[in-house]
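# Geometric and topological summary
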Amino acid sequence: MTTPPPSPTPLGSLPPREHLRPGQTGTVLDVVIPVYNEEKDLEPCVRRLHEHLVRTFPYGFRITIADNASTDDTPRIAALLDDEMDHVTAVRLEQKGRGRALRTVWSLSEAPVLAYMDVDLSTDLNALLPLVAPLISGHSDLAIGSRLSRSARVVRGPKRELISRTYNLILRGSLAARFSDAQCGFKAIRGDVAGRLLPLVEDTGWFFDTEMLVLAERAGLRIHEVPVDWVDDPDSTVHLVRTATDDLKGVWRVGRALATGALPLDRLARPFGDDPRDRELAGVPGGLARQLVGFAVVGALSTLLYLGLYSLCRLGVGPQLANAAALLVSTLANTAANRRLTFGVRGRERAVRHQAQGLVVFAIGLALTSGSLAALDAATVSPSHGSELTVLVAANLAATVLRFLLFRAWVFPERERREAAGRAAGGGARNARRGPTAPHDVPHAQDAQDAQDAQDAQDAQDAHDRNDWSRSAR
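Below is a short write-up of the structure.

### With respect to the overall build of the protein
The secondary structure content of the protein amounts to 15 helices and nine strands. A total of 474 residues make up the protein; the buried ones form 46% of that total. Long-range contacts, defined here as pairs at least 24 residues apart, represent 78% of the contacts in the protein between residues at least 6 apart. Here the protein displays about 23200 Å² of accessible surface, and carbon together with sulfur accounts for 59% of that area.

### Considerations on unusual backbone geometry
In the Ramachandran plot, Asn 37 falls in the positive-phi region, its phi being about 55 degrees despite a non-glycine side chain. Examined against the element boundaries, Asn 37 turns out to sit in the loop between β1 (29-35) and α1 (42-56). For Asn 37, a relative accessible area of 24% puts it in the partly exposed group. Positive phi outside glycine occurs at Ala 69, with the angle close to 65 degrees.

### Notes on the pattern of salt bridges
Counted by the stated rule, this structure contains 19 salt bridges. For Arg 62, the salt bridge identified is with Glu 110, shortest N-O distance 3.3 Å. With Arg 62 in strand β2 (residues 61-68) and Glu 110 in the loop between α3 (98-108) and β4 (113-117), this residue pair connects regions lying 48 residues apart in the sequence. The class of Arg 62 is buried, set by a relative accessible area of 12%. Judged by its relative accessible area of 27%, Glu 110 is partly exposed. With a shortest N-O distance of 2.8 Å, Asp 181 and Arg 147 are connected by a salt bridge. Taken together, the residues Asp 181 in the loop between α5 (158-175) and β7 (186-190) and Arg 147 in the loop between β5 (142-146) and β6 (153-155) connect sequence positions 34 residues apart.

### Focus: the nonpolar core
Among the nonpolar cores identified, the biggest contains 42 residues, and Trp 106, Leu 142, Phe 179, Ile 189, Met 212 and Leu 215 are the most heavily contacted of them. Of all the elements in the fold, those that place two or more residues in this core are β3 (88-93), α3, β4, β5, α5, α6 (191-197), α7 (208-218) and α8 (240-260). Looking at this core element by element, the count peaks at six residues for α7. If we ignore the near neighbours within four places in the chain, the residues touching Leu 215 are Leu 197, Leu 200, Val 201, Val 254, Leu 258, Leu 263 and Leu 265. With 41 residues, the next largest nonpolar core counts Met 117, Leu 121, Leu 128 and Cys 184 among its residues.

### Some details on the side chain of Asp 203
With respect to the helices and strands, Asp 203 occurs in the loop between α6 and α7. Despite being buried, Asp 203 has no salt bridge partner; Arg 253 is the closest side chain of opposite charge, sitting 4.3 Å away. Engagement of the side chain of Asp 203 in a polar contact is seen with the backbone nitrogen of Phe 207, the distance being 3.2 Å. Among all residues touching Asp 203, those that are not within four sequence positions of it are Arg 103, Phe 208, Glu 211 and Arg 253.

### What to know about the packing of aromatic side chains
The final tally for this structure, using the stated rule, is 10 aromatic pairs. Centre to centre, the rings of Phe 295 and Phe 404 are 5.0 Å apart; their planes meet at 65 degrees, and the pair counts as edge-to-face. Within this pair, whereas Phe 295 is found in helix α10 (residues 288-313), its partner Phe 404 is found in helix α13 (residues 385-411), the two being separated by 109 residues in sequence. Phe 404 carries the same exposure label as Phe 295, and that label is buried.

Here is what the cut-offs are and how they apply
- Residues numbered from 1 in each chain as written.
- Predicted model: local features only at pLDDT ≥ 70, side-chain atom pairs only at ≥ 80, totals over all residues.
- Heavy atoms only, no water.
- Helix = DSSP H or I, 4+ residues; strand = E, 2+ residues; numbered from the N terminus.
- Buried < 20%, exposed > 50% of the residue type's maximum accessible area, 1.4 Å probe, protein only.
- Contact = heavy atoms within 4.5 Å.
- Areas by Shrake-Rupley, 256 points an atom, 1.4 Å probe, with all protein chains shown as cover.
- Salt bridge = Lys/Arg side-chain N within 4 Å of Asp/Glu carboxyl O.
- Core = buried A, V, L, I, M, F, W, Y, C linked by side-chain atoms within 4.5 Å.
- Lys, Arg positive; Asp, Glu negative; His and termini not counted.
- Polar contact = N/O pair within 3.5 Å; in protein donor to acceptor, adjacent residues only side chain to side chain.
- Phe/Tyr/Trp six-rings, centres within 6.5 Å; stacked < 30°, edge-to-face > 60°.

Rendered as structure tokens:
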């Protein structure tokens, strides 16, 4: 019988990445080949991939054929390959969708490294080991083949080249994606990361891996890129117009979810505990360097807001009133931003108290800046607007240093930050116990889709069991 997949790791306690040792587990790599009506290419693809892995891959592996509702001779060929080759397994799903096939098989697999490639083998297989090596070593969380890297060697027509580059420009402009090639059918992911990330991915078609990459990048996971040698398949069955339309719809949906905060990416933001910035050093307060950077960025933005508001208010009122109004608004925004971004305190609990304490800090800043303006007015009969701004910037620098110290020691003390982190981890663990398909974990998934995905997973598991039983009987 197939070993059942391990139970999901509770959110917030995913262990640090570690190098996988030979012999640690029987199957280290599970390569999935999603297929739909690929009776022509399936057998040569699997045989070539199998021969390559036997010859070059130093760990245990499995090749999984994920047939998603083929209507030609693909299921029969997949079953024959399953029967003939020890490291090949065939899984049948009754609904179309490359993303659905990948999510189903990856969710069932017990392998610590999961990969997939297109059946046409457009990508040179020599890139497979460099693709999965950073995941095996524990260096990265995901890995992708890139046809758009400078050192990639690509042979394809101008139409597909234009579409691919345009699509990636759209991703960079709309979703701020930094990876270079979202559409290359040559990707890998660590199994523990997949168990946490896949429930958040909604798409079941061609946009699946793009959505997975965008969410992983936004969550701060490490994505490794491998330049590939790639030759276009002129007989590809991909419908370019329909796929492009679906991708644009997916970009709009994911962009809207990210903008509204509907995706709980904080569950993935720092789950591993292996960030060197988390290490405690003697004489260095925990997180001080990161807090200083965050505070400086927030401070620069709020200073620009303050100066803009002051200049605007100065058109209608005197300098003291303009200073007070501008400082009040910018302080409220500064406290809220530092609360979440610099000191990592989330949720509504104590938010009012934090703003009240921020107003006390505001009063101190007001005293410093108002005193500076009064001193300037006493020293100069009619100070210029530029002189006022110069004095205010100098006073605000002094107030900023004091504000950081008060924020760190009084408004957001270390004890309160630890409590907030504990509450977040506890909430994540409770959500994990509810299961990965609960509405809280997949905010956009529909109940009917969840039921179908569960049935697909059960069907695939049954196929695994039947195949293993028949092999053991032989």
